[in-house]
Amino acid sequence: MQVRPVAKPVKANLSNVAVILVNPLYPENIGSAARACANFGIEELILVRPEDLTPLPMEAMATKSGLPILEKMKIYQDLPEAVADFNVVIGTTARLGKRRLVCYTPKEMAKEICELTLNNRIALLFGNERLGLSNEDLFYCDKVITIPTTEKASLNVSQAIVIILYEIFQEATSGLKLKKPELASQRELNTMFRLIEATLRAIDYIPHQNPVLWLTNIRRFLTSRELSSREVKIIMGFCRQFLWALGKPLNLSFEDEQEPQNGRSLETYQKDITPKD
């Protein structure tokens, strides 16, 4: 079963945010927009004067997660009517100019959007794939966002939606950290290092002058990776298979292994625990 990192927005009320597509041309992009909304906790998708609402391509691009968004999306023929119930309308554009008054990037605007969502309804406007939002559309916007790109770049509308919603979601969940996996215990690590030492001795790859220092460097290198129990078992399995291929099998396990006492070497310890006839 695939496990994905899951975060909950604690600094915003994302149910107060809606994505509005103005005059979208292709049903595939409508479906992709629904999927983007589902990924980042936006429940409302609104269309204004859509050109094509063919169900199959919309549903295919929405995937299972975006289907509920498609099923309850609203359709209007007039932009003023679509934004009438919102407190703040934020437009998007790739075209810059004095008349467009673009002042924000998605990252710069994300914090303010999150704060506004606590008591206000926010509409995020996106234009169609060919022309974007017109000057007439931007008239209804309180603020305008642009996504910085290279000079020759061209973002698909669904890509723009993902970028902006991602920034908002990151701000809404900031301060949350992904849970790290449980690390291997010292018992597991010590067993693994003894097996590594036995493997290196079997191929004569340990310097004879100062083996302890050399093995300590190996230990520090591996423990800096913060190994989990599963990763330790993978390394031990590799070493056991390697020793078996060399005809020098060694059996160490977490359950029955005991630490060598009185500074005895691993080789001496193995002889002590080998069953006698």
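Structural data are supplied above this passage.
Our subject in this report is the structure included herewith. These numbers come from a predicted model, not from an experiment.

Re the environment of E226
Thinking step 1. Inspection of the secondary structure assignment puts E226 in the loop between α8 (211–223) and α9 (229–245).
Thinking step 2. Apart from the residues within four sequence positions on either side, E226 is in contact with K180, L183 and E231.

Considering a nonpolar patch on the surface
Thinking step 1. Taken together, the side chains of I203, Y205, F238, F242 and L246 define a hydrophobic patch exposed on the protein surface, amounting to about 510 Å² of accessible area.
Thinking step 2. Topologically, I203 is positioned in the loop between α7 (186–202) and α8.
Thinking step 3. Take I203: its relative accessible area is 39%, and that puts it in the partly exposed class.

Looking at the pairing of strand β5 (residues 122–126)
Thinking step 1. With five of its five residues buried, β5 lies for the most part within the structure.
Thinking step 2. Here β5 shows two buried faces, one formed by I122, L124 and F126 and the other by A123 and L125.
Thinking step 3. With five bridges connecting them, strand β1 (residues 17–22) and β5 associate as parallel partners. Within β5, the position partnered with I20 by the bridge is L125.
Thinking step 4. Sheet analysis places strand β4 (residues 88–92) next to β5, joined by three bridges and oriented parallel. Bridge pairing in β5 links I90 to L124.

Description of unusual backbone geometry
Thinking step 1. The backbone of D204 sits at a positive phi, close to 55°, despite the residue not being glycine.
Thinking step 2. Assignment of secondary structure puts D204 in the loop between α7 and α8.

A closer look at the environment of N23
Thinking step 1. Within the element layout of this structure, N23 appears in the loop between β1 and α1 (27–39).
Thinking step 2. Classification of N23 by relative accessible area gives buried; the value is 16%.
Thinking step 3. Spatially, the C-alpha atom of N23 lies 5.5 Å from that of N128, the residues being 105 residues apart in sequence.
Thinking step 4. In this structure, N23 is in contact with V48, R49, E51 and N128, ignoring residues within four places of it in sequence.

Things to note about the packing of aromatic side chains
Aromatic rings considered in pairs are described by the distance between their centres and by the relative angle of their planes.
Thinking step 1. Tallied over the entire structure, the rule returns five aromatic pairs.
Thinking step 2. Note on Y205 and W214: the rings are 5.6 Å apart at their centroids and 75° apart in plane angle, and the pair reads as edge-to-face.
Thinking step 3. Judged by relative accessible area, W214 falls into the partly exposed class, the value being 24%.
Thinking step 4. Here a set of aromatic residues connected by ring pairs shows up, and it is made of F40, Y166 and F169.

Brief notes about helix α4 (residues 106–117)
Thinking step 1. The terminal C-alpha atoms of α4 lie 15 Å apart, and with 12 residues this matches the ideal 16 Å at 1.5 Å per residue to within 8%.
Thinking step 2. Against β1, β4, β5, β6 (143–145) and α6 (157–172) lie the buried residues of α4.

Comments concerning α9
Thinking step 1. Here α9 is 17 residues long and its end C-alpha atoms lie 24 Å apart, about the 24 Å a rise of 1.5 Å per residue gives.
Thinking step 2. In the core, the buried residues of α9 are packed alongside α7.
Thinking step 3. Two residues or fewer past α9, G247 is found with a positive phi of approximately 80°.

Focus: the sheet that holds β6
Thinking step 1. Overall, parallel pairing links the six strands, which are arranged β3-β2-β1-β5-β4-β6 in an open sheet. Each of the sheet's edge strands pairs with one partner strand only, and the pair in question is β3 (74–76) and β6. Looking at each pair of strands side by side, their axes are set apart by 25° on average, direction ignored.
Thinking step 2. In the packing of α4 onto the sheet, contacts are made with β1, β4, β5 and β6, and the angle to β6 comes to roughly 135°.

Observations concerning the packing of α4 against α6
Thinking step 1. Between α4 and α6, the least distance of the axes is 8 Å, while the angle of their chain directions is 55°. Taken together, the axes of α4 and α6 are oblique relative to one another. Remark: the crossing between α4 and α6 carries right-handed chirality. On α6, the residues that touch P106, K107, A110, K111, I113 and C114 of α4 are I163, I164, E167, I168, E171 and A172.

Examining the pattern of salt bridges
Thinking step 1. What the rule picks out here adds up to six salt bridges.
Thinking step 2. With its nearest N and O atoms 3.4 Å apart, the salt bridge here joins K11 to E171. Note that K11 is positioned in the segment before β1 and E171 in helix α6, a separation of 160 residues in sequence.
Thinking step 3. Overall, the relative accessible area of 37% leaves K11 in the partly exposed class.

Brief notes about the environment of N190
Thinking step 1. As for its position among the elements, N190 is in helix α7.
Thinking step 2. A relative accessible area of 22% means that N190 is categorised as partly exposed.
Thinking step 3. Each C-alpha atom of the pair N190 and R219 lies 9.5 Å from the other, and the pair is 29 residues apart in sequence.

Cut-offs applied
Residues numbered from 1 in each chain as written. Predicted model: local features only at pLDDT ≥ 70, side-chain atom pairs only at ≥ 80, totals over all residues. Heavy atoms only, no water. Helix = DSSP H or I, 4+ residues; strand = E, 2+ residues; numbered from the N terminus. Contact = heavy atoms within 4.5 Å. Patch = residues over 30% accessible without salt bridge, like charges linked within 9 Å, V, L, I, M, F, W, Y side chains within 5 Å. Areas by Shrake-Rupley, 256 points an atom, 1.4 Å probe, with all protein chains shown as cover. Salt bridge = Lys/Arg side-chain N within 4 Å of Asp/Glu carboxyl O. Buried < 20%, exposed > 50% of the residue type's maximum accessible area, 1.4 Å probe, protein only. Pairing = 2+ DSSP bridges. Phe/Tyr/Trp six-rings, centres within 6.5 Å; stacked < 30°, edge-to-face > 60°. Expected span 1.5 Å × (residues − 1). Axes fitted to C-alpha atoms, helices over the stretch in contact; angles between N-to-C directions. Parallel < 35°, antiparallel > 145°, perpendicular 65-115°, else oblique. Left-handed = near helix turned anticlockwise from the far one by under 90°.

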